Amino acid sequence: MITPVLRRLKELGYHNIVNTSERGIKILKNNPHVDEIIEGKDNTMQPEELVQYWKKLEKDIKPDKYINFSESIEVNVALHPTSPRYIYPKYEHYERCNHNYYDVTTKWANLDGCRRQPEMFFSKEEVEESKKYIKTDKFNIIWCLSGSGKQKVYPWTDFIVADVLRNFKDAHVITVGDLRCQLLETLGNDRITNLSGEVNIRLAMCLTKYASLVVSPDTGILHASGCFQTPKIGLLGHTTRENITKYFDNDYSIEADCACSPCFRLIYDHNIQCPIEPVTHASWCMSEGIPPIRVYDRIKEVYER
(Lines give C-alpha, C1' and ligand atoms only; values in the text may rest on other atoms or scores of the structure.)
Protein backbone atom coordinates (compact mmCIF):
# COMPACT_ATOMS: atom_id res chain seq x y z
CA MET A 1 0.00 0.00 0.00
CA ILE A 2 2.93 2.37 0.49
CA THR A 3 4.56 1.61 -2.88
CA PRO A 4 2.70 4.46 -4.68
CA VAL A 5 4.07 6.86 -2.05
CA LEU A 6 7.60 5.54 -2.55
CA ARG A 7 7.33 6.05 -6.31
CA ARG A 8 6.09 9.62 -5.90
CA LEU A 9 8.82 10.49 -3.39
CA LYS A 10 11.43 9.16 -5.81
CA GLU A 11 9.92 11.25 -8.62
CA LEU A 12 10.33 14.29 -6.37
CA GLY A 13 14.00 13.53 -5.89
CA TYR A 14 13.99 11.95 -2.43
CA HIS A 15 16.43 9.26 -1.30
CA ASN A 16 14.05 6.73 0.27
CA ILE A 17 15.07 4.94 3.47
CA VAL A 18 12.45 2.42 4.65
CA ASN A 19 12.25 1.00 8.15
CA THR A 20 10.26 -2.22 7.95
CA SER A 21 10.06 -5.81 9.14
CA GLU A 22 11.21 -8.97 7.40
CA ARG A 23 7.80 -9.24 5.73
CA GLY A 24 8.09 -5.71 4.41
CA ILE A 25 11.56 -6.41 3.06
CA LYS A 26 10.20 -9.33 1.06
CA ILE A 27 7.58 -7.10 -0.55
CA LEU A 28 10.01 -4.27 -1.32
CA LYS A 29 12.77 -6.45 -2.73
CA ASN A 30 13.95 -5.18 -6.15
CA ASN A 31 11.83 -2.03 -5.81
CA PRO A 32 13.80 0.71 -7.64
CA HIS A 33 12.14 3.40 -5.51
CA VAL A 34 13.74 2.08 -2.30
CA ASP A 35 17.33 3.20 -1.72
CA GLU A 36 17.98 1.79 1.74
CA ILE A 37 16.18 -0.52 4.17
CA ILE A 38 16.58 -0.54 7.94
CA GLU A 39 15.25 -3.85 9.24
CA GLY A 40 13.04 -3.70 12.29
CA LYS A 41 11.81 -6.67 14.30
CA ASP A 42 8.31 -8.12 14.42
CA ASN A 43 6.45 -8.13 17.73
CA THR A 44 9.52 -7.70 19.93
CA MET A 45 8.83 -4.24 21.37
CA GLN A 46 6.14 -2.87 23.64
CA PRO A 47 4.30 0.17 22.21
CA GLU A 48 6.19 2.64 24.37
CA GLU A 49 9.52 1.05 23.34
CA LEU A 50 8.49 1.27 19.70
CA VAL A 51 7.75 4.98 19.97
CA GLN A 52 11.18 5.58 21.46
CA TYR A 53 12.77 3.45 18.72
CA TRP A 54 11.10 5.60 16.03
CA LYS A 55 12.14 8.82 17.75
CA LYS A 56 15.75 7.64 17.87
CA LEU A 57 15.67 6.70 14.18
CA GLU A 58 14.40 10.14 13.25
CA LYS A 59 16.99 11.83 15.47
CA ASP A 60 19.86 9.75 14.08
CA ILE A 61 18.95 10.08 10.41
CA LYS A 62 17.59 13.65 10.47
CA PRO A 63 15.51 13.18 7.30
CA ASP A 64 14.05 16.01 5.23
CA LYS A 65 10.71 14.20 5.31
CA TYR A 66 9.58 11.65 7.88
CA ILE A 67 6.47 9.47 7.43
CA ASN A 68 5.36 6.90 10.00
CA PHE A 69 2.64 4.66 8.53
CA SER A 70 1.98 2.83 11.80
CA GLU A 71 -1.81 2.67 12.42
CA SER A 72 -2.52 4.50 9.14
CA ILE A 73 -4.80 1.63 8.08
CA GLU A 74 -5.01 -0.66 11.08
CA VAL A 75 -6.66 1.33 13.91
CA ASN A 76 -7.41 4.34 11.64
CA VAL A 77 -9.91 2.71 9.25
CA ALA A 78 -9.64 -0.97 10.22
CA LEU A 79 -10.95 -0.84 13.75
CA HIS A 80 -8.97 -2.26 16.66
CA PRO A 81 -10.90 -3.96 19.51
CA THR A 82 -9.54 -1.39 21.99
CA SER A 83 -11.02 1.49 20.01
CA PRO A 84 -14.32 2.95 21.27
CA ARG A 85 -15.46 2.97 17.64
CA TYR A 86 -15.25 -0.83 17.55
CA ILE A 87 -18.76 -1.19 18.96
CA TYR A 88 -20.35 1.67 17.01
CA PRO A 89 -23.38 0.71 14.91
CA LYS A 90 -22.82 -0.42 11.34
CA TYR A 91 -23.91 2.85 9.70
CA GLU A 92 -21.31 4.76 11.68
CA HIS A 93 -18.64 2.25 10.69
CA TYR A 94 -19.52 2.97 7.06
CA GLU A 95 -19.14 6.69 7.52
CA ARG A 96 -15.81 6.46 9.32
CA CYS A 97 -14.16 3.44 7.69
CA ASN A 98 -15.43 2.95 4.14
CA HIS A 99 -12.46 4.71 2.57
CA ASN A 100 -9.97 3.37 0.06
CA TYR A 101 -6.75 2.21 1.67
CA TYR A 102 -4.60 3.76 -1.06
CA ASP A 103 -6.37 7.11 -0.68
CA VAL A 104 -5.87 6.92 3.08
CA THR A 105 -2.18 6.06 2.70
CA THR A 106 -1.60 9.00 0.34
CA LYS A 107 -3.43 11.37 2.66
CA TRP A 108 -1.48 10.06 5.66
CA ALA A 109 1.75 10.79 3.79
CA ASN A 110 0.48 14.30 2.94
CA LEU A 111 1.64 13.79 -0.61
CA ASP A 112 -0.09 14.80 -3.85
CA GLY A 113 0.32 13.14 -7.22
CA CYS A 114 0.44 9.52 -6.05
CA ARG A 115 -0.98 6.75 -8.19
CA ARG A 116 -3.50 4.47 -6.52
CA GLN A 117 -2.21 1.03 -7.51
CA PRO A 118 0.49 -1.02 -5.80
CA GLU A 119 3.73 -2.13 -7.43
CA MET A 120 6.00 -5.15 -7.09
CA PHE A 121 9.21 -5.89 -8.93
CA PHE A 122 10.49 -9.40 -9.56
CA SER A 123 13.83 -10.78 -10.68
CA LYS A 124 14.29 -12.69 -13.91
CA GLU A 125 14.80 -15.85 -11.85
CA GLU A 126 11.54 -15.34 -9.95
CA VAL A 127 9.62 -14.80 -13.18
CA GLU A 128 11.09 -17.93 -14.76
CA GLU A 129 10.34 -20.00 -11.64
CA SER A 130 6.73 -18.78 -11.39
CA LYS A 131 6.05 -19.45 -15.06
CA LYS A 132 6.91 -23.13 -14.52
CA TYR A 133 3.57 -23.52 -12.73
CA ILE A 134 1.52 -21.80 -15.44
CA LYS A 135 0.10 -24.05 -18.16
CA THR A 136 0.07 -21.86 -21.24
CA ASP A 137 -2.77 -23.78 -22.91
CA LYS A 138 -5.02 -23.59 -19.82
CA PHE A 139 -7.19 -21.09 -17.96
CA ASN A 140 -4.98 -20.74 -14.88
CA ILE A 141 -6.73 -19.74 -11.64
CA ILE A 142 -4.61 -18.71 -8.65
CA TRP A 143 -6.72 -19.46 -5.58
CA CYS A 144 -5.48 -18.09 -2.25
CA LEU A 145 -6.89 -20.30 0.49
CA SER A 146 -6.59 -18.01 3.49
CA GLY A 147 -5.53 -14.65 4.79
CA SER A 148 -4.08 -13.82 8.20
CA GLY A 149 -7.16 -14.81 10.19
CA LYS A 150 -9.93 -17.38 10.16
CA GLN A 151 -12.40 -14.73 8.99
CA LYS A 152 -10.42 -14.74 5.73
CA VAL A 153 -11.05 -18.40 4.94
CA TYR A 154 -13.74 -19.14 2.35
CA PRO A 155 -15.42 -22.44 3.33
CA TRP A 156 -16.97 -23.30 -0.03
CA THR A 157 -13.75 -23.40 -2.07
CA ASP A 158 -13.81 -27.17 -2.71
CA PHE A 159 -17.36 -27.08 -4.07
CA ILE A 160 -16.64 -24.22 -6.47
CA VAL A 161 -13.35 -25.68 -7.67
CA ALA A 162 -15.11 -28.97 -8.40
CA ASP A 163 -17.76 -27.20 -10.50
CA VAL A 164 -15.14 -25.11 -12.29
CA LEU A 165 -13.10 -28.18 -13.24
CA ARG A 166 -16.23 -30.05 -14.28
CA ASN A 167 -17.62 -27.29 -16.49
CA PHE A 168 -14.49 -25.57 -17.82
CA LYS A 169 -12.41 -28.31 -19.40
CA ASP A 170 -9.31 -26.16 -19.82
CA ALA A 171 -9.31 -24.84 -16.24
CA HIS A 172 -6.20 -25.32 -14.11
CA VAL A 173 -6.34 -24.34 -10.41
CA ILE A 174 -3.20 -23.37 -8.47
CA THR A 175 -3.72 -23.11 -4.71
CA VAL A 176 -1.45 -20.86 -2.64
CA GLY A 177 -1.15 -20.02 1.04
CA ASP A 178 1.08 -20.68 4.02
CA LEU A 179 1.98 -24.11 5.38
CA ARG A 180 -1.25 -24.33 7.41
CA CYS A 181 -3.26 -23.96 4.21
CA GLN A 182 -2.17 -27.46 3.20
CA LEU A 183 -5.00 -28.60 5.48
CA LEU A 184 -7.42 -26.91 3.08
CA GLU A 185 -6.00 -28.39 -0.11
CA THR A 186 -7.50 -31.29 -2.04
CA LEU A 187 -5.31 -33.90 -3.68
CA GLY A 188 -3.37 -32.45 -6.57
CA ASN A 189 -3.57 -33.85 -10.07
CA ASP A 190 -2.91 -32.66 -13.62
CA ARG A 191 -5.59 -29.95 -13.15
CA ILE A 192 -4.86 -28.90 -9.57
CA THR A 193 -1.43 -27.70 -8.47
CA ASN A 194 -1.02 -27.33 -4.71
CA LEU A 195 1.62 -24.77 -3.72
CA SER A 196 0.64 -23.84 -0.16
CA GLY A 197 3.79 -23.87 1.93
CA GLU A 198 5.75 -25.00 -1.13
CA VAL A 199 6.66 -21.61 -2.60
CA ASN A 200 7.61 -18.38 -0.85
CA ILE A 201 5.33 -15.37 -0.69
CA ARG A 202 7.12 -13.50 -3.49
CA LEU A 203 6.74 -16.41 -5.89
CA ALA A 204 3.04 -16.73 -5.03
CA MET A 205 2.63 -13.00 -5.66
CA CYS A 206 4.57 -13.20 -8.92
CA LEU A 207 2.18 -15.91 -10.10
CA THR A 208 -0.68 -13.40 -9.97
CA LYS A 209 0.89 -11.56 -12.92
CA TYR A 210 0.81 -14.56 -15.23
CA ALA A 211 -2.47 -16.20 -14.21
CA SER A 212 -5.77 -15.95 -16.08
CA LEU A 213 -7.63 -15.14 -12.84
CA VAL A 214 -6.89 -14.62 -9.14
CA VAL A 215 -9.40 -15.54 -6.41
CA SER A 216 -8.44 -14.40 -2.93
CA PRO A 217 -9.76 -13.11 0.39
CA ASP A 218 -8.61 -9.69 1.60
CA THR A 219 -4.93 -10.50 2.00
CA GLY A 220 -1.52 -9.91 0.43
CA ILE A 221 -2.15 -12.03 -2.64
CA LEU A 222 -5.14 -9.87 -3.57
CA HIS A 223 -3.08 -6.68 -3.22
CA ALA A 224 -0.29 -8.27 -5.27
CA SER A 225 -2.78 -9.00 -8.05
CA GLY A 226 -3.69 -5.31 -7.94
CA CYS A 227 -0.24 -4.58 -9.39
CA PHE A 228 -1.24 -6.24 -12.66
CA GLN A 229 -3.93 -6.41 -15.33
CA THR A 230 -4.90 -9.95 -14.27
CA PRO A 231 -8.64 -10.26 -13.53
CA LYS A 232 -9.20 -10.70 -9.81
CA ILE A 233 -12.07 -11.71 -7.54
CA GLY A 234 -11.65 -10.51 -3.98
CA LEU A 235 -13.80 -12.39 -1.47
CA LEU A 236 -14.53 -9.46 0.82
CA GLY A 237 -16.19 -10.24 4.13
CA HIS A 238 -15.35 -7.51 6.63
CA THR A 239 -14.15 -5.00 4.01
CA THR A 240 -15.46 -3.47 0.79
CA ARG A 241 -14.38 -2.86 -2.79
CA GLU A 242 -14.11 0.80 -1.82
CA ASN A 243 -11.53 -0.18 0.80
CA ILE A 244 -9.48 -2.65 -1.20
CA THR A 245 -9.92 -3.05 -4.95
CA LYS A 246 -11.51 0.21 -6.10
CA TYR A 247 -8.53 1.21 -8.24
CA PHE A 248 -7.46 -2.28 -9.36
CA ASP A 249 -7.74 -3.08 -13.07
CA ASN A 250 -10.15 -5.88 -14.08
CA ASP A 251 -11.71 -6.11 -10.64
CA TYR A 252 -14.60 -8.55 -10.18
CA SER A 253 -14.58 -8.62 -6.39
CA ILE A 254 -17.58 -9.71 -4.35
CA GLU A 255 -18.75 -8.09 -1.11
CA ALA A 256 -20.50 -10.16 1.53
CA ASP A 257 -24.21 -9.54 1.92
CA CYS A 258 -25.24 -10.21 5.50
CA ALA A 259 -26.29 -8.26 8.58
CA CYS A 260 -22.84 -8.00 10.16
CA SER A 261 -20.85 -7.18 7.04
CA PRO A 262 -18.89 -5.08 6.42
CA CYS A 263 -17.76 -4.53 9.98
CA PHE A 264 -14.38 -2.92 9.13
CA ARG A 265 -12.96 -4.62 12.22
CA LEU A 266 -9.59 -6.20 12.93
CA ILE A 267 -10.44 -9.77 13.89
CA TYR A 268 -8.00 -11.55 16.19
CA ASP A 269 -10.28 -14.33 17.45
CA HIS A 270 -13.19 -14.96 15.13
CA ASN A 271 -14.77 -17.36 17.64
CA ILE A 272 -15.58 -14.46 19.98
CA GLN A 273 -15.51 -11.50 17.56
CA CYS A 274 -17.59 -12.94 14.69
CA PRO A 275 -20.99 -14.57 14.25
CA ILE A 276 -20.12 -18.18 13.37
CA GLU A 277 -22.00 -20.25 10.79
CA PRO A 278 -22.81 -23.54 12.60
CA VAL A 279 -22.21 -25.96 9.70
CA THR A 280 -18.87 -24.71 8.37
CA HIS A 281 -17.74 -22.99 11.59
CA ALA A 282 -16.58 -20.14 9.37
CA SER A 283 -17.28 -16.47 9.88
CA TRP A 284 -20.84 -15.60 8.88
CA CYS A 285 -19.72 -13.07 6.29
CA MET A 286 -17.67 -15.63 4.37
CA SER A 287 -20.04 -18.58 4.73
CA GLU A 288 -23.47 -16.97 4.38
CA GLY A 289 -22.55 -13.57 3.00
CA ILE A 290 -20.88 -14.94 -0.14
CA PRO A 291 -22.88 -17.93 -1.40
CA PRO A 292 -20.98 -20.30 -3.74
CA ILE A 293 -23.20 -19.45 -6.72
CA ARG A 294 -22.06 -15.81 -6.60
CA VAL A 295 -18.41 -16.83 -6.82
CA TYR A 296 -19.01 -19.44 -9.51
CA ASP A 297 -21.01 -16.99 -11.64
CA ARG A 298 -18.26 -14.37 -11.32
CA ILE A 299 -15.62 -16.92 -12.39
CA LYS A 300 -17.84 -17.87 -15.32
CA GLU A 301 -18.15 -14.20 -16.26
CA VAL A 302 -14.37 -13.81 -16.40
CA TYR A 303 -13.91 -17.11 -18.20
CA GLU A 304 -16.39 -16.18 -20.94
CA ARG A 305 -15.04 -12.67 -21.31
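Described below are features of the structure shown in this document.

Parameters at a glance
Residues numbered from 1 in each chain as written. Predicted model: local features only at pLDDT ≥ 70, side-chain atom pairs only at ≥ 80, totals over all residues. Heavy atoms only, no water. Helix = DSSP H or I, 4+ residues; strand = E, 2+ residues; numbered from the N terminus. Rg over C-alpha atoms; globule rule 2.2 N^0.38 Å. Buried < 20%, exposed > 50% of the residue type's maximum accessible area, 1.4 Å probe, protein only. Contact = heavy atoms within 4.5 Å. Polar contact = N/O pair within 3.5 Å; in protein donor to acceptor, adjacent residues only side chain to side chain. Phe/Tyr/Trp six-rings, centres within 6.5 Å; stacked < 30°, edge-to-face > 60°. Lys NZ or Arg CZ within 6 Å of the ring centre and 35° of its normal. Expected span 1.5 Å × (residues − 1). Arc of directions from axis to C-beta.

The subject of this paragraph is the overall build of the protein. Scanning the protein from terminus to terminus reveals twelve helices and eight strands. For the protein, whose C-alpha radius of gyration is 20 Å, the value lies close to the compact-globule estimate of 19 Å for 305 residues. Projected onto the principal axes, the alpha-carbon positions of the protein cover approximately 60 × 50 × 35 Å. Looking at the 305 residues of the protein, the share that counts as buried comes to 48%. Considering only contacts in the protein between residues 6 or more positions apart, those separated by 24 or more positions represent 59%.

Before going further, it helps to examine the side chain of Asn98. The residue Asn98 is located in the loop between α4 (90-97) and α5 (101-109) in this model. Among the polar contacts made by the side chain of Asn98, one reaches the side chain of Thr240 at a distance of 2.6 Å. Residues in contact with Asn98, not counting those within four places in the same chain, are His93, Thr240, Glu242, Asn243 and Phe264.

What follows concerns unusual backbone geometry. With an omega of -5 degrees, the peptide bond running from Ser261 to Pro262 counts as cis. Its identity is not glycine, yet Asn30 carries a phi of approximately 70 degrees, on the positive side. Residues other than glycine seldom take positive phi values, yet Lys62 does so here, at roughly 55 degrees. Counting through the fold element by element, Lys62 comes out in the loop between α3 (47-61) and α4.

Further remarks concern the packing of aromatic side chains. Applying the stated criterion across every chain yields a total of seven aromatic pairs. Ring centres of Phe168 and Tyr296 lie 5.8 Å apart, and the angle between their planes is 10 degrees; this geometry places the pair in the stacked category. In this pair, Phe168 is assigned in the loop between α7 (157-167) and β4 (171-176) and Tyr296 in helix α12 (residues 292-303), connecting sequence segments 128 residues apart. Judged by centre distance (4.3 Å) and plane angle (15 degrees), the ring pair of Phe168 and Tyr303 falls under stacked. Here the residue Phe168 occupies a position in the loop between α7 and β4, and Tyr303 occupies one in helix α12, the gap between them amounting to 135 residues. Since its relative accessible area comes to 27%, Tyr303 is described here as partly exposed. Three or more aromatic residues link up through ring pairs in this structure, and these residues are Phe139, Phe168, Tyr296 and Tyr303. Over the ring of Tyr86 we find Arg265, and its NZ or CZ is 4.5 Å from the ring centre.

Moving on, we come to α12. Compared with an ideal rise of 1.5 Å per residue, which puts twelve residues at 16 Å, α12 spans 16 Å between its outermost C-alpha atoms and is within 8% of the ideal. Those residues of α12 that fall on the buried side of the exposure criterion are Val295, Tyr296, Ile299 and Val302. Viewed along the axis of α12, the buried residues span an arc of 125 degrees, placing them on a single side of the element. Packed against the buried residues of α12 are β3 (139-144), α7, β6 (213-217), β7 (232-236) and β8 (254-255).

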